[in-house]
Amino acid sequence: QVQLVDSGGGLVQAGGSLRLSCAASGRTFNIMGWFRQAPGKEREFVAAINWAGSSTYYADSAKGRFTISRDNVKNTVYLQMNSLKPEDTAVYYCAARDKYGTAFRIFEYDYWGQGTQVTVSS
């Protein structure tokens, strides 16, 4: 049975850092990604990475501040978030996709984690 477990969220001051983790069980996936959903807003793409880790993709809001990585031995994907801003406050969701190819939209992912809350105070 496939399961994604998100962790690492918390409360941090603006300018601080957090590292989110997503442990996958069941099998490995070609594309792993992170999305987020702020209160009253739609879920949005944050970052994605291919199986080899050789290709990464970021939303404009994440470029230069966030780094996605994966450890296929541990079957875990990470999101290192630096220079956090209050507008980064959201529930962050890990997502997994079986097919190859870039994927930035919600419907392109097959499995989802339960989400982890990130709150950035000003």
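Residues numbered from 1 in each chain as written. Predicted model: local features only at pLDDT ≥ 70, side-chain atom pairs only at ≥ 80, totals over all residues. Heavy atoms only, no water.

Peer 1: Whenever I open this one, unusual backbone geometry confuses me. Can you help?
Peer 2: Most peptide bonds take the trans form, and the phi angle of most residues other than glycine is negative. The phi dihedral of Asn75 is positive, around 55°, even though this residue is not glycine. For Asn75, the position within the fold is in the loop between β7 (66–71) and β8 (76–81). Here Asn75 falls in the buried class, since its relative accessible area comes to 14%. Phi at Ser83 is positive, roughly 50°, even though this residue is not glycine. (Helix = DSSP H or I, 4+ residues; strand = E, 2+ residues; numbered from the N terminus. Buried < 20%, exposed > 50% of the residue type's maximum accessible area, 1.4 Å probe, protein only.)

Peer 1: Is there a simple way to think about the side chain of Arg70 in this case?
Peer 2: Inspection of the secondary structure puts Arg70 in strand β7. One buried charge, Arg70, has no salt-bridge partner; the nearest side chain with opposite charge is Asp71, at 8.4 Å. Of note is the side chain of Arg70, whose polar atom sits 2.8 Å from the backbone oxygen of Phe29. For Arg70, the side chain forms a polar contact with the side chain of Asn72, separated by 2.9 Å. (Lys, Arg positive; Asp, Glu negative; His and termini not counted. Salt bridge = Lys/Arg side-chain N within 4 Å of Asp/Glu carboxyl O. Polar contact = N/O pair within 3.5 Å; in protein donor to acceptor, adjacent residues only side chain to side chain.)

Peer 1: Sorry if this is basic, but what is going on with the sheet that holds β7 here?
Peer 2: Pairing is antiparallel in the open sheet, where four strands are placed in the order β1-β3-β8-β7. The strands lining the two open edges of the sheet, one partner per strand, are β1 (3–7) and β7. Averaged over all neighbouring strand pairs, the angle between strand axes comes to 15°, with direction disregarded. Note: β7 against β8, six bridges, orientation antiparallel. Note that in β8 the partner of Ile68 across the bridge is Leu79. (Pairing = 2+ DSSP bridges. Axes fitted to C-alpha atoms, helices over the stretch in contact; angles between N-to-C directions.)

Peer 1: Explain the packing of aromatic side chains to me, please; I cannot follow it from the model alone.
Peer 2: Aromatic rings considered in pairs are described by the distance between their centres and by the relative angle of their planes. Evaluated as defined, the whole model comprises seven aromatic pairs. Ring centres of Phe35 and Phe45 lie 5.7 Å apart, and the angle between their planes is 80°; on these two criteria the pair is classed as edge-to-face. Taken together, the residues Phe35 in strand β4 (residues 31–37) and Phe45 in strand β5 (residues 44–50) connect sequence positions ten residues apart. As far as burial versus exposure is concerned, Phe35 and Phe45 are alike and both buried. Ring pairs connect the aromatic residues Phe35, Phe45, Tyr57, Phe104, Tyr109 and Trp112, which therefore count as one cluster. Between the NZ or CZ atom of Arg43 and the centre of the ring of Tyr93, over which it lies, the distance is 3.6 Å. One residue, Arg43, lies across the ring of Trp112, its end atom 5.0 Å from the ring centre. (Phe/Tyr/Trp six-rings, centres within 6.5 Å; stacked < 30°, edge-to-face > 60°. Lys NZ or Arg CZ within 6 Å of the ring centre and 35° of its normal.)

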